[in-house]
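# Analysis of the macromolecular model
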Amino acid sequence: MTTRDRRGRGMRGPAYGPGAPRGPVPAALTRGERFDRIAVTVMADVEERWHDELARVELAVEDAPVLPASWVNPRVPLASFVDATAGAPPRLVLFRRPLEHRAETLVDLEALVLTVVVEQLAEVLGVPPEDVHPDYEA
């Protein structure tokens, strides 16, 4: 049973979440789901411009990189590009937690994901990052 305020004008049902009439809305997404949406949107936008060159590249998201015990660099990687093998296509792996840690707002996170994706793919394509996506800012 749903509670209402004293004049009967309170919420009649859930505004967001599993019981919402139109399904889950962004307020109900987990951080991982929200990050996945951003990553897929950015990758789709870049693939649209470089469809033939990036047709086989897969996008993957990991929470954090697995670093060897011998790692000495003070910075944690934000992404990694894994070349194709006999059984797997090439893959761009984004590391969610380090990226989220560096962004203060959702807009910052979107811009950072775009920057990382563009820089990784520019290296693979052998072109300057500015040519990969017009919204890229160094």
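Residues numbered from 1 in each chain as written. Predicted model: local features only at pLDDT ≥ 70, side-chain atom pairs only at ≥ 80, totals over all residues. Heavy atoms only, no water.

## Side note on the nonpolar core
Core analysis: the largest hydrophobic core is formed by 26 residues, its most contacted members being Val-46, Leu-94, Leu-99, Val-113 and Val-117. Contributions of two or more residues to this core are made by helix H1 (31-49), strand E3 (91-95) and helix H4 (106-125). Tallying contributions element by element places H4 first for this core, with 9 residues. Those residues in contact with Val-113 that sit more than four places away from it in its chain are Phe-35, Ile-38, Ala-39, Val-42, Leu-94 and Leu-99. (Core = buried A, V, L, I, M, F, W, Y, C linked by side-chain atoms within 4.5 Å. Buried < 20%, exposed > 50% of the residue type's maximum accessible area, 1.4 Å probe, protein only. Helix = DSSP H or I, 4+ residues; strand = E, 2+ residues; numbered from the N terminus. Contact = heavy atoms within 4.5 Å.)

## Structural notes on the packing of H1 against H4
Packing of H1 against H4 brings their axes to within 10 Å, and their N-to-C directions diverge by 45 degrees. Our classification of the angle between H1 and H4 gives oblique. Two packed elements cross with a definite hand, and for H1 against H4 that hand is right-handed. Contacts between H1 and H4 pair Arg-34, Phe-35, Ile-38, Ala-39, Val-42, Met-43 and Val-46 from the former with Leu-106, Leu-109, Glu-110, Val-113, Leu-114, Val-117, Val-118 and Leu-121 from the latter. (Axes fitted to C-alpha atoms, helices over the stretch in contact; angles between N-to-C directions. Parallel < 35°, antiparallel > 145°, perpendicular 65-115°, else oblique. Left-handed = near helix turned anticlockwise from the far one by under 90°.)

## Thoughts on H1
Taking 1.5 Å as the rise per residue, H1 with 19 residues should run 27 Å; its terminal C-alpha atoms sit 28 Å apart, in good agreement. The complete set of buried residues in H1 reads Phe-35, Ile-38, Ala-39, Val-42, Met-43 and Val-46. Projected down its long axis, H1 shows its buried positions confined to an angular sector of 125 degrees, all on one face. Facing away from the buried side of H1, by more than 90 degrees, are the exposed residues Val-40, Thr-41 and Glu-48. Turning to H1, the residues buried within the fold contact helix H2 (51-54), strand E1 (58-62), E3, helix H3 (96-102), H4 and helix H5 (129-132). (Expected span 1.5 Å × (residues − 1). Arc of directions from axis to C-beta.)

## A closer look at the sheet that holds E1
Strand order across the open sheet formed by 3 strands is E1-E3-E2, with mixed pairing between neighbours. Here the strands that pair on one side only, and so sit at the sheet edges, are E1 and strand E2 (79-82). Geometrically, the sheet is characterised by an average inter-axis angle of 20 degrees between neighbouring strands, direction not taken into account. One ladder, built from 4 bridges, connects E2 with E3; its direction is antiparallel. From the neighbouring strand, Phe-81 faces E3, where its bridge partner is Leu-92. (Pairing = 2+ DSSP bridges.)

## Describing a nonpolar patch on the surface
On the surface, a nonpolar cluster with roughly 230 Å² of combined accessible area is contributed by Leu-67, Trp-71 and Val-76. Here Val-76 is to be found in the loop between E1 and E2. (Patch = residues over 30% accessible without salt bridge, like charges linked within 9 Å, V, L, I, M, F, W, Y side chains within 5 Å. Areas by Shrake-Rupley, 256 points an atom, 1.4 Å probe, with all protein chains shown as cover. Salt bridge = Lys/Arg side-chain N within 4 Å of Asp/Glu carboxyl O.)

## Observations regarding the environment of Arg-49
Its location among the elements puts Arg-49 in helix H1. With a relative accessible area of 43%, Arg-49 lands in the partly exposed category. Ignoring anything within four residues of it in the chain, the contact list for Arg-49 reads Val-132, His-133 and Pro-134.

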